[in-house]
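# Residue-level structure breakdown
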Amino acid sequence: QSALTQPPSASGSPGQSVAISCTGTSSDVGGYNYVSWYQQYPGKAPKLMIYEVSKRPSGVPDRFSGSKSGNTASLTVSGLQAEDEADYFCISYAGSNNPVVFGGGTKLTVL
Amino acid sequence: EVQLVESGGGLVKPGGSLRLSCAASGFTLSNAWMSWVRQAPGKGLEWVGRIRSKNDGGTTDYAAPVKGRFTISRDDSKNTLYLQMNSLKTEDTAVYYCTHYGDAEYFQDWGQGTLVTVSS
């Protein structure tokens, strides 16, 4: 069982917006601004999409955005495109004794 | 361009040992914080451990399930990271990814992964 809770699936039609949540506790998501999001296609390496809650690496489309409220972080994908169909998972820092906690992943389907 | 290429995975019997390698290019390994992350078949991701940069002491941290059995090291002359895995258990079966930290607590780059299967 993953430390961070994500919905197993999410979906939307092309052009729509979808938000994926990542819920933790005050010891991880709520306690630090170190939530990051990754995209993973089947059989491929994960790719960083968002770091430090809402920062976007160069090369990541601005359709991807991140936010946080309390113990829940969210990844929003706007203007859905077919190539956005992938698995997305979140990671949070959780202190020096257990520095990395993961979400279970969300399969995003573009209808 | 940063590249991380893992190797060394395979089939090993319970109680056996295996050493994974991660050849890094595009950056200097000794200046980087690096981590190993694994994903069991059909399961979520799990952090295995990390090594700090040389400037930050080069020390290591491990997740509880592998502490005392796994060791992370690096060969700066080869720009290569290692994961020595001893006393392997069936529950260690997973794809193992080598990751490169960004300038804070996130993984900027990932390797393609190497599969380790522990089975009799």
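Anything mentioned here points back to the structure above.
Scope of this entry: the structure provided in the associated data block. Residue numbers restart at each chain and count upward from 1, following the sequence in its written direction. Chain A is the first chain written and ligand 1 is the first ligand written, with later ones labelled in order. Residues qualify for local features only when their pLDDT is at least 70, as the model is predicted, and side-chain atom pairs are given and counted only at 80 or more; totals for whole chains, interfaces and linings, by contrast, use all residues. The basis for the side-chain values is all heavy atoms of the structure; hydrogens and waters are excluded.

By the element assignment, A:Asp84 lies in the loop between β6 (72-77) and β7 (86-93). Those residues in contact with A:Asp84 that sit more than four places away from it in its chain are A:Gln39, A:Arg63, A:Phe64, A:Val77, A:Gly79, A:Leu108 and A:Val110. By definition, any uninterrupted DSSP run of H or I lasting at least four residues is a helix, any uninterrupted run of E lasting at least two residues is a strand, and each is numbered from the N terminus. Throughout, a contact is declared for two residues whenever any of their heavy atoms are within 4.5 Å.

Residues and elements named next belong to chain B. Within the secondary structure layout, Val2 lies in the segment before β1 (3-7). For each residue, the accessible area found with a 1.4 Å probe, counting protein chains only, is set against the maximum for its type, and the residue is called buried under 20%, exposed over 50%, and partly exposed in between. Relative accessible area serves as the criterion here: at 26%, Val2 is assigned to the partly exposed category. Leave out the neighbours within four places in its chain, and Val2 touches Ser25, Gly26, Phe27, His100 and Asp109.

A few words now on the pairing of strand β9 (residues 106-110) of chain A. Residues and elements named next belong to chain A. Side chains Thr106, Leu108 and Val110 of β9 all project onto a buried face; the interleaved residues Lys107 and Thr109 project onto a face where none is buried. For two strands to pair, DSSP has to find at least two bridges joining them. Two strands pair when backbone bridges link them, and β7 and β9 are joined in this way by three bridges, in the antiparallel orientation. Within the sheet, the bridge partner assigned to Ala86 lies in β9 and is Leu108.

Now for the packing of aromatic side chains. In this description, an aromatic ring pair is defined by two values, namely the gap between the centres and the angle between the planes. Pairing of aromatic rings covers Phe, Tyr and Trp, the last counted by its six-membered ring, and requires centre-to-centre distances within 6.5 Å; plane angles under 30 degrees mean stacked, over 60 mean edge-to-face, and any other angle means tilted. Per the counting criterion, the structure on display carries twelve aromatic pairs over all chains. Relative to A:Tyr93, the ring of A:Tyr32 lies with its centre 4.8 Å away and its plane at 80°, an arrangement referred to as edge-to-face. Placement of A:Tyr32 in the loop between β2 (18-23) and β3 (35-40) and of A:Tyr93 in strand β7 is noted, with a sequence separation of 61 residues between them. Note on A:Tyr93: relative accessible area 14%, which makes it buried. Note on B:Tyr101 and B:Phe107: the rings are 4.9 Å apart at their centroids and 65° apart in plane angle, and the pair reads as edge-to-face. B:Tyr101 gets classed as buried once you look at its relative accessible area, which sits at 5%. A network of ring pairs unites the aromatic residues A:Tyr38, A:Phe89, A:Phe102, B:Trp33, B:Tyr97, B:Tyr101, B:Phe107 and B:Trp110 as a single cluster. The ring centre of B:Tyr82 lies 4.1 Å from the NZ or CZ of B:Arg19, which sits over that ring. A ring is scored as having a charge over it whenever the NZ atom of a lysine or the CZ atom of an arginine sits within 6 Å of its centre and within 35 degrees of its normal.

A word on the interface of chain A and chain B. Taken residue by residue, the interface counts 16 residues in chain A and 17 residues in chain B. Two parts placed together each lose some accessible area under a 1.4 Å probe, and the buried area is that loss summed for both. Interface of chain A and chain B: buried area, both sides summed, is about 1500 Å²; carbon and sulfur atoms make up 65% of it. Note on definitions: salt bridges are taken to be side-chain nitrogens of Lys or Arg within 4 Å of carboxyl oxygens of Asp or Glu. Where chain A touches chain B, the interface holds zero salt bridges. Definition of a polar contact: a pair of N or O atoms within 3.5 Å, with one able to donate and the other able to accept a hydrogen when the atoms are protein atoms, and with sequence-neighbouring residues admitted only if both atoms are side-chain atoms. Where chain A packs against chain B, one counts two residue pairs in polar contact (both at pLDDT 80 or more). Going through the elements one at a time, β3, β7 and β8 (100-102) of chain A are the ones with two or more residues in the side of chain A that touches chain B. Taken together, the residues that form the side of chain A that touches chain B break down as twelve nonpolar, two polar and two charged. Gly is put with the polar residues, along with every residue not named as nonpolar or charged; the nonpolar set is Ala, Val, Leu, Ile, Met, Phe, Trp, Tyr, Cys and Pro, and the charged set is Asp, Glu, Lys and Arg.

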